[in-house]
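Overview (structure and organization)
Residues per chain are reported as follows:
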Amino acid sequence: MAAILVVGFLVVVFSAMDQSDAGGLESYARGEMRRFTQIDDAPPQPDAVYVDENGDEVRLSDYRGQVILVNFWATWCGPCVEEMPALDRLQADLGGEDFQVVTVSLDRSMDDVLAFFERIELENLPIIHDSNLASFSQIRTPGLPTSVLYDRQGRELGRVTAPAEWDSEDAKALIRAAIARGV
């Protein structure tokens, strides 16, 4: 009987360890996160050069070492506009050394983005602009908004290609699971 318990314990331990690599977050894709999907041949993280509100260059690789949720959006996209406050609250709640919400605007001008952030009173999100729309084709998405969750090495863990309540408990459970993996 003791041998069976030991073997059962080892199976559980090794199964949990096996889930620490990229992928494997499907069990957290519940409720608000039911649209979270993994792509078998996920494209590499875009290596595009973006611009922040100060005119400085930004790349997604600047966030290596952190789990990041990259939201590709635009001010002219109604569903994008709807989910931005939830992303702002998610960043306020979970943002820090281990996790960041990174919003990449696909608008025509930075002025549109700055005016939107001020009007909606978004205080916790970075203002990043993809002025040449380079990332849109690189992420292979059918439309906006698209939110992609990347691990600490920049590998895609999964995505949501629709608006979502990113400050919901379901979303936070998914994000916490990605952070806890330490990958």
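Residues numbered from 1 in each chain as written. Predicted model: local features only at pLDDT ≥ 70, side-chain atom pairs only at ≥ 80, totals over all residues. Heavy atoms only, no water.

Here we take up the pairing of strand E3 (residues 67–73). In terms of residue burial, E3 counts as a mostly covered element, since 7 of its 7 residues are buried. Burial along E3 is two-sided: the face carrying Val 67, Leu 69, Asn 71 and Trp 73 and the face carrying Ile 68, Val 70 and Phe 72 are both buried. As paired elements, E3 and strand E4 (residues 99–105) share 7 bridges and run parallel to each other. Following the sheet pairing, Val 67 is matched in E4 by Phe 99. Handedness of the crossover joining E3 and E4 through helix H2 (residues 78–94): right-handed. (Buried < 20%, exposed > 50% of the residue type's maximum accessible area, 1.4 Å probe, protein only. Helix = DSSP H or I, 4+ residues; strand = E, 2+ residues; numbered from the N terminus. Pairing = 2+ DSSP bridges. Right-handed = clockwise from strand over helix to strand, strands pointing away.)

On to helix H3 (residues 110–120). Given 3.6 residues per turn, any residue in an α-helix points the same way as the ones three and four places further on. Those residues of H3 not exposed but buried are Met 110, Val 113, Phe 116 and Phe 117. One face of H3 carries all of its buried residues, which in axial projection span an arc of 125 degrees. In this structure, H3 carries Asp 111, Glu 118 and Arg 119 as exposed residues pointing more than 90 degrees from its buried face. Packing partners of the buried residues in H3 comprise strand E1 (50–52), E3, H2, E4 and strand E5 (128–129). Two residues or fewer after H3 comes Glu 121, characterised by a positive phi angle close to 60 degrees. (Arc of directions from axis to C-beta. Contact = heavy atoms within 4.5 Å.)

Further remarks concern the sheet that holds E3. The mixed open sheet is built from 7 strands, whose spatial order is E2-E1-E5-E4-E3-E6-E7. Bordering the open sheet on either side are strand E2 (57–58) and strand E7 (156–160), each of which pairs with just one other strand. The sheet contact formed by E1 and E2 spans 2 bridges and is antiparallel. Looking across to E2, one finds that Val 51 is bridged to Glu 57. The strands that H2 touches are E3, E4 and strand E6 (146–150); relative to E4, the one it contacts most, it runs at about 155 degrees. Relative to the sheet, H3 contacts E1, E3, E4 and E5, its axis offset from that of E3 by approximately 110 degrees. (Axes fitted to C-alpha atoms, helices over the stretch in contact; angles between N-to-C directions.)

The end-to-end C-alpha separation of helix H5 (residues 169–180) is 16 Å, in line with the 16 Å expected for 12 residues at 1.5 Å each. Listing the buried residues of H5 in full gives Ala 171, Lys 172, Leu 174, Ile 175, Ala 177, Ala 178 and Ile 179. Against the buried residues of H5 lie E3, H2, E4, E6 and E7. Positioned one or two residues after H5, Gly 182 has a phi angle of 65 degrees, which is positive. (Expected span 1.5 Å × (residues − 1).)

Once that is clear, we can look at the confidence of the model for the protein chain. When the pLDDT values of the protein chain are averaged, the result is 87; 87% of them are 70 or greater. Note on residues 1–22: pLDDT is under 50 here. Beyond four places in sequence and across chains, it has 10 contacts. (pLDDT = per-residue confidence, 0-100.)

For the rest of this paragraph, the subject is the pairing of E7. Along E7, 5 of the 5 residues are buried, which leaves the element largely enclosed by surrounding structure. Bridging between E6 and E7 involves 4 bridges; their strand directions are antiparallel. Note that in E7 the partner of Ser 147 across the bridge is Val 160.

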